[in-house]
Protein chains: 12
Amino acid sequence: MKILIINGPNLNFLGRRKEEIYGQMSLEEINQRLVEKAKALDMQVEFFQSNSEGEIIDRIQQAADVYDGLIINPGALTHYSYALRDALESLSVPVIEVHLSNIFAREDFRQKSVTAPVCAGVITGFGWRSYLAALEVFHQWVSQL
Amino acid sequence: MKILIINGPNLNFLGRRKEEIYGQMSLEEINQRLVEKAKALDMQVEFFQSNSEGEIIDRIQQAADVYDGLIINPGALTHYSYALRDALESLSVPVIEVHLSNIFAREDFRQKSVTAPVCAGVITGFGWRSYLAALEVFHQWVSQL
Amino acid sequence: MKILIINGPNLNFLGRRKEEIYGQMSLEEINQRLVEKAKALDMQVEFFQSNSEGEIIDRIQQAADVYDGLIINPGALTHYSYALRDALESLSVPVIEVHLSNIFAREDFRQKSVTAPVCAGVITGFGWRSYLAALEVFHQWVSQL
Amino acid sequence: MKILIINGPNLNFLGRRKEEIYGQMSLEEINQRLVEKAKALDMQVEFFQSNSEGEIIDRIQQAADVYDGLIINPGALTHYSYALRDALESLSVPVIEVHLSNIFAREDFRQKSVTAPVCAGVITGFGWRSYLAALEVFHQWVSQL
Amino acid sequence: MKILIINGPNLNFLGRRKEEIYGQMSLEEINQRLVEKAKALDMQVEFFQSNSEGEIIDRIQQAADVYDGLIINPGALTHYSYALRDALESLSVPVIEVHLSNIFAREDFRQKSVTAPVCAGVITGFGWRSYLAALEVFHQWVSQL
Amino acid sequence: MKILIINGPNLNFLGRRKEEIYGQMSLEEINQRLVEKAKALDMQVEFFQSNSEGEIIDRIQQAADVYDGLIINPGALTHYSYALRDALESLSVPVIEVHLSNIFAREDFRQKSVTAPVCAGVITGFGWRSYLAALEVFHQWVSQL
Amino acid sequence: MKILIINGPNLNFLGRRKEEIYGQMSLEEINQRLVEKAKALDMQVEFFQSNSEGEIIDRIQQAADVYDGLIINPGALTHYSYALRDALESLSVPVIEVHLSNIFAREDFRQKSVTAPVCAGVITGFGWRSYLAALEVFHQWVSQL
Amino acid sequence: MKILIINGPNLNFLGRRKEEIYGQMSLEEINQRLVEKAKALDMQVEFFQSNSEGEIIDRIQQAADVYDGLIINPGALTHYSYALRDALESLSVPVIEVHLSNIFAREDFRQKSVTAPVCAGVITGFGWRSYLAALEVFHQWVSQL
Amino acid sequence: MKILIINGPNLNFLGRRKEEIYGQMSLEEINQRLVEKAKALDMQVEFFQSNSEGEIIDRIQQAADVYDGLIINPGALTHYSYALRDALESLSVPVIEVHLSNIFAREDFRQKSVTAPVCAGVITGFGWRSYLAALEVFHQWVSQL
Amino acid sequence: MKILIINGPNLNFLGRRKEEIYGQMSLEEINQRLVEKAKALDMQVEFFQSNSEGEIIDRIQQAADVYDGLIINPGALTHYSYALRDALESLSVPVIEVHLSNIFAREDFRQKSVTAPVCAGVITGFGWRSYLAALEVFHQWVSQL
Amino acid sequence: MKILIINGPNLNFLGRRKEEIYGQMSLEEINQRLVEKAKALDMQVEFFQSNSEGEIIDRIQQAADVYDGLIINPGALTHYSYALRDALESLSVPVIEVHLSNIFAREDFRQKSVTAPVCAGVITGFGWRSYLAALEVFHQWVSQL
Amino acid sequence: MKILIINGPNLNFLGRRKEEIYGQMSLEEINQRLVEKAKALDMQVEFFQSNSEGEIIDRIQQAADVYDGLIINPGALTHYSYALRDALESLSVPVIEVHLSNIFAREDFRQKSVTAPVCAGVITGFGWRSYLAALEVFHQWVSQL
């Protein structure tokens, strides 16, 4: 099973920004943990990060026939990028949306996700463990657990 | 690690209601799987279901010093029970809110959670696997993963 | 044909509260008339009243395979109980929502029904005759009138 | 007892439009059943249909001293015709608003009735039987049932 | 100076409807007083009443080159008839909107006028004297008072 | 008959501000015309202008038993001064609210009047002639016209 | 191919009203051009204009089995006539909604179309050429272009 | 004078939850102070607490003819329980709503009280002294102070 | 303990305005009772009333270091005077907001208080006894009751 | 006449995404048809597609003095890209906005266009024929049709 | 160049109120710095502060022909005083609105300015330096910088 | 002191677009003036402009440890780019948001800034002098003025 993990704007700055909300770990450290977890679950993971909505949509389109699933943390694009939503909706494999912080416990504008309605589901609030739990869900699906 | 799993109104009717949304498995079957998963993770789980907001609050209060965490699927109470929110907020252990269906992809009123802001996080849209993923998150916390 | 008639919070106080709106008849007197009407139409009626949302949901679930239809006056739960809505939605037999007063002619919050969208229809504004008319509709369905 | 039954815009097209919502019966067939029912209840019914708000108001004004009650299905005028509302409000006999479909279960704009607040009550969702139930309510009033 | 006075839906029922709000005088009696007042001011008045939006628009179009001004009480059309608004806007002579009751002191929906923005001004709340005051304003304009 | 005419904030600047909307006449010139008109109608008028909400309320309270009626142009206080509204509401004599411009044809915030609901009526849009028409209405009331 | 072209309220006044928005051409001149264009495309066009919502609905109902398509400019009815919407929805042939001006660039109330959701599509902003483009679309459909 | 003091959901947890908002005193300690205060004022107080909306309504109905007044802190039910509102409205003795914290200074959802409109008044923000002040008001009423 | 009691616009008119809502007692009579009550509680009270927002703010600023607390009934300023709110917020001693009528049971605009969020608490609905209860609360604070 | 045709995010995926809404034709196939149509009308067309808002704005700016008009399908950017709107507004040649599906008949967020107000007009709902009709309109303008 | 600097309600309390937001400097100290700065720029400044909306409007009117520009910090009047807006709008010299704190980063009600639309511009968030920057802008205008 | 000045979408088109709003000066001319001003203040400025949200975020991230402050005119991104907001929020040096036109005096959507709450302050409405004033503020901070 091959999963693409996409991170949106400013997530390359993790560990340098609002640590009380997003934690101290850098994106590289998170990715490292995901690689280990994936190996343990006999899955493959690839990573993509960009600050540009357009590049993320390009990447999603290229992923269309290559991966068995997507994990995406769209960053702030979550709250207004209908273009990203359309890109995700065009995929035939399942997508899981994740967030480091609990978006329900933050500013009003962060409580609305325009991308979530076209995803299989959402995991929000567990820091880097949100990604881990998403991997776990993919693993369960595949294992018929 | 000892986890209490609470299910709100109508979840005892799982498998009998809107199967295209909630799936075919009964609550008992889900609980059985959770028991097995918990055993595998060396955790203990207990279950409580009620159709009554008052009874659920009573149960949460009794749980205050007994469990290491709560998993709750508040059912439709998610969308209006500020009393349930207050009860969850008074706990010192973490609470994970779960939903079978992806609440972001359903009716408008189901997209608002009044309980989520006082939970650690939310897992929504993976059917009974939402509960499983929540267990996994508790396990990660405990294992310092 | 066997019909369950459910009355929600405060309807046991009929005849003692805001008579200019709800009329002078007690719930027992209304039920008596419904028994007579049902007999005339060769139907059976049973009654349940509770001030507790949870008990009403319990009762609806027990009714699932026993009755040919439900008449429900959810009282003020009409306006916010999504849990009651879910319970009604899970039934396979038709439900008719009734109100004594014309909810369209009252306070703003009473003009919204969260339960009506999952009912077959609504009869509102005819005092205890709203229940009678609901019985009549069930009778018509059965008689293919 | 003499009742005027008014049908608003597009109801003359019944049986030719969105049958899954409005049913297969034509307005003439419904009227025929109402005549029979009225005869059985010892009542008289007359019918009026128009696609024009102005003509309906004219007809209501002429009805002022002639009938003992009105049954009206205002069609889409239900949702915006304050002029119709004023006309209904000026009558001294009771008016019952009926709808074929359950307006609470349809588009948002159909869930608001500007005419209902000046009617005695509303019966919605029982197809042509909504009219029948309205006749029944008039009969009960007259019979002191 | 020649003024056309237009009355919209239900105003032909004045004196028969909600007298505590609209007064006891019939439209004919009001018109009679306006004829007298007009004569005193050396003006001519003509009258038109209809319950039909379409007929009123027809009449306004015919009035385009015939009168020096219009006084209109659009009745309930005030609150939603953008078609009437467009008709009034196409006139080159001034229009005064009048209301018997003070629309600011009534139901919410009556406090919004979609026609007023294209009129010269509005006189509301003085019963039949609202029309009289409108005549007076026309007279002042003509007399350069 | 003795009428007090109150003008609110910035109306002392008439003729110096936005002439395309408010006209070229100064407040003094308008008052002069009102004096003449009042004499013609055998009425007495007194004037008060202030830029201060508090002073206007003081003046209204002093007027309580002295005048037969009030004409008020509250200026921008129209749109938010609930304190002015309370002061006007406490009077037992009728109050007419006037505006130079047609408030329905201007910015959104000017289309809402918080004072109008406690006045007898409103005359808006006729420049200084709005005051004249208000005098005329008082005269009609007194003359039983 | 036979197309009915319907124009709603005030469109018979084209060329006489707000020329900067609606242009200088009269409806007759537009129709003349449409006749020529239709001839060129080997189509037939018929015209109907009315200021009355009811008459327009009557005409649409009569058109049900006669034409291959409808072009409608509902004028201001666009923004509130749910009755017109219902009439259009009951047709089995395609309907194209057109507007002379770009409704997105005008007052707020003109930016909402209650009829557009039941049409095949909308062409707005090209003056009388909006009708021409609609004819062209019908021609393409028929020609399988 | 005999007063029933009702506390809603989670108030049995006082002293254990969000002490910076609700204070450190337990409900028992508050009740103890109220008993003392009541004795000093020559009044009798009884207490009821429940986490269940239904049980609270039951208790209010039983109280109907037994007490001279009610003091109620509905907890979070304040913000959505129209059923509780109906129960309170049916009482003929006065009800005073109290809150420990100042609901105006908290989350948006806590600033709306659906029960307050049917109470005599509200005392909010003085911790356990809110109850004391309510007792004082009852005492003043009785003493004709 | 020294308390300043401030009354806003129109409260000097008590006993002369809407007696069914505000009672028959004049402000002087209320103040007299407060003096007596204060004496009984061994407190000092001073009074200030003004119809001017500016004068009230001036008075609050002068009070900053002189009194141990404030009781304020801002009258209609309650609903919009953010300037008054800022003045109250700058005080270091506690402020209690009081209202004669129950603001929750009145017009919509009276249910919003912009000053309450910066007060210690609010007492509303008990007529002149609201002031008395506020004194009582101050007394409790001081007495450590 | 030289026209630039711009397609926004995800339109390069046509034929692969939600075919029931967007049709089965690929963007290349649509462009091919437009080339043919343009040739027939003696016009030139060029194409640009990008998933990036920034690149589209760059392209629009370069187009400023090169083309006689623009046809743009902004994809989901239609609903939120005020930056795109500003770019379009800065052009001196006319822009026509087109959509494949009827945006009035889809999700709420798709019914709002932030770019349409600065375009000459909009053609929506005719699949790839929307582009064709836009070409036709440009041709009419040029031909003085 | 002669500039009038107006400060609204509560700004005379600077240094005594919410220092974390408004800073520790008193209004006198700020004014002193402005005098120095003005001298350096060869400008003259005069100051006016009042807690009264009416007095501020009076002062603005007197300033009409005396100063070359105005700097105003309307304090909380910013958010609701349409009367102040009208006064500012009547001036022919430019007005700059300043705020000590960044109004975009504060409570919702502080993010709306009813006065800003009639000012030349706004400078917000730089403490007393906001005034300084405003002086600088006036200087640039005058120097044609 | 080293300042980065960022301009968002379409600002490279200054002098070519809506000159009555944005002025006639090109971005290069503005930058030239800023270089001169900076030199006079002994500061260094660098410039960056892009039409792409993603590139602007990239640039901001690179700026994190290089500059002492940022001046940003986000163009239309101001109104919806939460991704830009997050990028700005992650900086530890102060950011000043500037606008050429007074955003409070323009379309509704331009009056909301999603980036301003994370900036130190905002300067809006002074054309290219807004940038100059921002430089001035940075200078004051550094000079402890």
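This text gives an overview of the structure that appears in the document. None of the values given here were measured: they were computed from a predicted structure. (Residues numbered from 1 in each chain as written. Chains lettered and ligands numbered in written order. Predicted model: local features only at pLDDT ≥ 70, side-chain atom pairs only at ≥ 80, totals over all residues. Heavy atoms only, no water.)

Examining the nonpolar core
Part 1 of the argument: Counting 78 residues, the largest nonpolar core has Ile60 of chain D, Ile60 of chain E together with Ile60 of chain G as its most contacted members.
Part 2 of the argument: Apart from the residues lying within four places of it in its own chain, the contact partners of isoleucine 60 of chain G are Ile6, Leu70, Ile72, Leu84, Ala87, Leu88 and Leu91 of chain G. (Core = buried A, V, L, I, M, F, W, Y, C linked by side-chain atoms within 4.5 Å. Buried < 20%, exposed > 50% of the residue type's maximum accessible area, 1.4 Å probe, protein only. Contact = heavy atoms within 4.5 Å.)

As for the sheet that holds strand β2 (residues 44–49) of chain F
Part 1 of the argument: Reading across the sheet, the 10 strands line up as β2(E)-β1(E)-β3(E)-β4(E)-β5(E)-β5(F)-β4(F)-β3(F)-β1(F)-β2(F) and stay open at both edges, with mixed pairing between neighbours. At either margin of the open sheet sits one strand with a lone partner, and together these are β2 (44–49) of chain E together with β2 of chain F. Strand-to-strand, the axes of this sheet are offset by a mean angle of 20°, without reference to chain direction.
Part 2 of the argument: Relative to strand β5 (residues 121–124) of chain E, strand β4 (residues 95–99) of chain E runs parallel, the two sharing four bridges. Each bridged residue has a counterpart across the sheet, and for valine 98 of chain E the counterpart in β5 of chain E is isoleucine 123 of chain E.
Part 3 of the argument: Its contacts with the sheet put helix α5 (residues 129–143) of chain F on β1 (2–7), β2, β3 (69–73), β4 (95–99) and β5 (121–124) of chain F, and the angle it makes with β4 of chain F is roughly 160°. (Pairing = 2+ DSSP bridges. Helix = DSSP H or I, 4+ residues; strand = E, 2+ residues; numbered from the N terminus. Axes fitted to C-alpha atoms, helices over the stretch in contact; angles between N-to-C directions.)

Concerning the sheet that holds strand β2 (residues 44–49) of chain L
Part 1 of the argument: Pairing in this open sheet of 10 strands is mixed, and the strands run β2(K)-β1(K)-β3(K)-β4(K)-β5(K)-β5(L)-β4(L)-β3(L)-β1(L)-β2(L) from one edge to the other. Each edge of the open sheet is held by one strand with a lone partner, namely β2 (44–49) of chain K together with β2 of chain L. Across this sheet, the average inter-strand angle for adjacent strands is 20°, counted without regard to direction.

Examining the relation of the copies chain D and chain G
Part 1 of the argument: When chain D is fitted to chain G, the residual RMSD is 0.0 Å, and the transformation amounts to a turn of 120° plus an axial shift of 0.0 Å. Here the two chains are linked by the operation of a three-fold rotation axis.
Part 2 of the argument: A low fraction, 12%, of the interface residues of chain D reappear at the interface in chain G, so the copies pair through non-equivalent surfaces. (Least-squares fit on C-alpha atoms with pLDDT ≥ 70 in both.)

Concerning the relation of the copies chain B and chain A
Part 1 of the argument: When chain B is fitted onto chain A, the two copies agree to an RMSD of 0.0 Å after a turn of 180° and an axial shift of 0.0 Å. What the superposition gives is, in effect, a two-fold axis relating one chain to the other. The C-alpha atom lying nearest the rotation axis in chain B is that of isoleucine 123 of chain B; the distance is 2.3 Å.
Part 2 of the argument: Interface residue correspondence from chain B to chain A reaches 100%, placing this contact among same-surface, isologous pairings.

Here we look at the packing of aromatic side chains
Part 1 of the argument: For the coordinates displayed, the defined rule picks out 66 aromatic pairs over all chains.
Part 2 of the argument: Ring plane angle 65° and centroid distance 5.8 Å describe the contact between phenylalanine 126 of chain A and tryptophan 141 of chain B, whose orientation is recorded as edge-to-face. With one member in each of two chains, phenylalanine 126 of chain A in the loop between β5 (121–124) and α5 (129–142) and tryptophan 141 of chain B in helix α5 (residues 129–142) form a pair that bridges those chains.
Part 3 of the argument: We classify tryptophan 141 of chain B as partly exposed; its relative accessible area is 24%.
Part 4 of the argument: A centroid spacing of 5.5 Å and a plane angle of 75° characterise the contact between phenylalanine 138 of chain F and tryptophan 141 of chain F, whose relative ring orientation is edge-to-face. With phenylalanine 138 of chain F and tryptophan 141 of chain F both in helix α5 and three residues apart, the pair spans about one turn of that helix.
Part 5 of the argument: Under the relative-accessibility criterion, phenylalanine 138 of chain F is labelled buried at 0%.
Part 6 of the argument: Through pairs of rings, three or more aromatic residues link up here, namely Tyr80, Tyr82 and Phe109 of chain A, Tyr80, Tyr82 and Phe109 of chain J together with Tyr80, Tyr82 and Phe109 of chain L. (Phe/Tyr/Trp six-rings, centres within 6.5 Å; stacked < 30°, edge-to-face > 60°.)

So, the interface of chain D and chain G
Part 1 of the argument: Taken together, the contact between chain D and chain G spans 17 residues of the former and 16 residues of the latter.
Part 2 of the argument: In this assembly, chain D packs against chain G so that about 1,400 Å² is buried in total across both faces, 50% of it on carbon and sulfur atoms.
Part 3 of the argument: The tally of links from chain D across to chain G stands at two salt bridges.
Part 4 of the argument: Between aspartate 86 of chain G and arginine 110 of chain D there is a salt bridge, and its shortest N-O distance comes to 2.9 Å.
Part 5 of the argument: Where chain D meets chain G, there are eight residue pairs in polar contact (both at pLDDT 80 or more).
Part 6 of the argument: The residue makeup of the side of chain D that touches chain G, split by class, is six nonpolar, five polar and six charged. (Buried area = accessible area lost by both parts, 1.4 Å probe. Salt bridge = Lys/Arg side-chain N within 4 Å of Asp/Glu carboxyl O. Polar contact = N/O pair within 3.5 Å; in protein donor to acceptor, adjacent residues only side chain to side chain. Nonpolar A, V, L, I, M, F, W, Y, C, P; charged D, E, K, R; others polar.)

Quick look at helix α5 (residues 129–143) of chain I
Part 1 of the argument: Between its first and last C-alpha, α5 of chain I extends 20 Å over 15 residues, near the 21 Å set by a 1.5 Å rise per residue.
Part 2 of the argument: The buried fraction of α5 of chain I amounts to 12 of the 15 residues, a majority that puts the element mostly inside the structure. (Expected span 1.5 Å × (residues − 1).)

What to know about the interface of chain B and chain A
Part 1 of the argument: At the junction of the two partners, chain B supplies 29 residues and chain A supplies 29 residues.
Part 2 of the argument: When the two sides are added together, the surface that chain B and chain A hide from each other amounts to roughly 2,300 Å², 60% of it contributed by carbon and sulfur.
Part 3 of the argument: The largest contributions to the chain B side of the interface with chain A come from Phe104, Phe126 and Arg129 of chain B, which together make up 30% of the buried area.
Part 4 of the argument: The interface formed by chain B and chain A holds two salt bridges in total.
Part 5 of the argument: The salt bridge partner of lysine 37 of chain A is glutamate 136 of chain B, with a shortest N-O separation of 3.7 Å.
Part 6 of the argument: The tally of links between chain B and chain A comes to six residue pairs in polar contact (both at pLDDT 80 or more).
Part 7 of the argument: Elements represented by at least two residues in the side of chain B that touches chain A include exactly α2 (27–41), β5 (121–124) and α5 of chain B.
Part 8 of the argument: The leading source of residues in the side of chain B that touches chain A is α5 of chain B, at seven residues.
Part 9 of the argument: Direction of pairing for β5 of chain A relative to β5 of chain B: antiparallel, over a ladder of three bridges. Of the residues in β5 of chain B, the one forming a bridge with valine 122 of chain A is threonine 124 of chain B.

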